[in-house]
Amino acid sequence: MEIAPLSLMPRSVLALAKEVARALLRRPVIGIAAAAQTADGRWLLIRRSDTGTWALPGGTLEWGETLRDSIVRELAEEAGVTEVELGRVVGVYSRPDRDIRFHAVTVVVAARIGAPTRPPQNPLEIREVRLFRDDELPAELAMGMGDLLAAARRAGEAELE
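Residues numbered from 1 in each chain as written. Predicted model: local features only at pLDDT ≥ 70, side-chain atom pairs only at ≥ 80, totals over all residues. Heavy atoms only, no water.

For helix 2 (residues 67–79), built from 13 residues, the straight-helix expectation of 18 Å at 1.5 Å per residue is met to within 8% by its first-to-last C-alpha distance of 17 Å. Burial in helix 2 covers these residues: S70, I71, R73, E74, L75, A76, E78 and A79. Contact partners of the buried residues in helix 2: strand 1 (29–38), strand 2 (43–48), strand 4 (58–60), strand 5 (84–93), strand 6 (104–113) and strand 7 (126–132). With its phi angle positive at about 70 degrees, G80 sits one or two positions after the end of helix 2. (Helix = DSSP H or I, 4+ residues; strand = E, 2+ residues; numbered from the N terminus. Expected span 1.5 Å × (residues − 1). Buried < 20%, exposed > 50% of the residue type's maximum accessible area, 1.4 Å probe, protein only. Contact = heavy atoms within 4.5 Å.)

Quick look at the structure:
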């Protein structure tokens, strides 16, 4: 079977392919992050392997997945946390320069968690997992997440960026 060159394809097929590619490659992705705290008030952070800096655990929503399921999955995969009680939405962040890899709209959700029970599933992505008291938190977090954590630490209404 011979495959026709793109120039011989009907314009409508090319237009459809272009629109699909634009939708897949040029639209923001939906990200989630957990502002996760243990019952004794310690904050869960992960150390990213790519930057070596600390961050909130999280990732991108997968096809067919709810936000709730995504947060629980990411906490298990990245931090080894299996005991999760989700709380309020802390904020929705959409600044395009926050993540150099892509434009993400990130939903940050508060969570009450148990301590990690196992190491991260992908040590190439996550170097370390640690619980921090308020006075131990790093001064800066990866990908401008400092304001996300600051919002979680404050009581009050959800933020929209």
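Further notes follow.
Here we take up the pairing of strand 1. Burial runs high along strand 1: eight of the 10 residues are buried. Bridge analysis of strand 1 against strand 4 gives three bridges, and the strand direction is antiparallel. Each bridged residue has a counterpart across the sheet, and for G31 the counterpart in strand 4 is T60. (Pairing = 2+ DSSP bridges.)

On to the confidence of the model for the chain. Per-residue pLDDT for the chain has a mean of 85; in total, 80% of the residues score no lower than 70. For the chain, strand 8 (residues 159–160) is the element with the lowest average pLDDT, namely 52, and strand 3 (residues 54–55) is the one with the highest, namely 97. Predicted confidence for residues 3–7 stays below pLDDT 50, and this span has one contact to residues more than four positions away or in other chains. (pLDDT = per-residue confidence, 0-100.)

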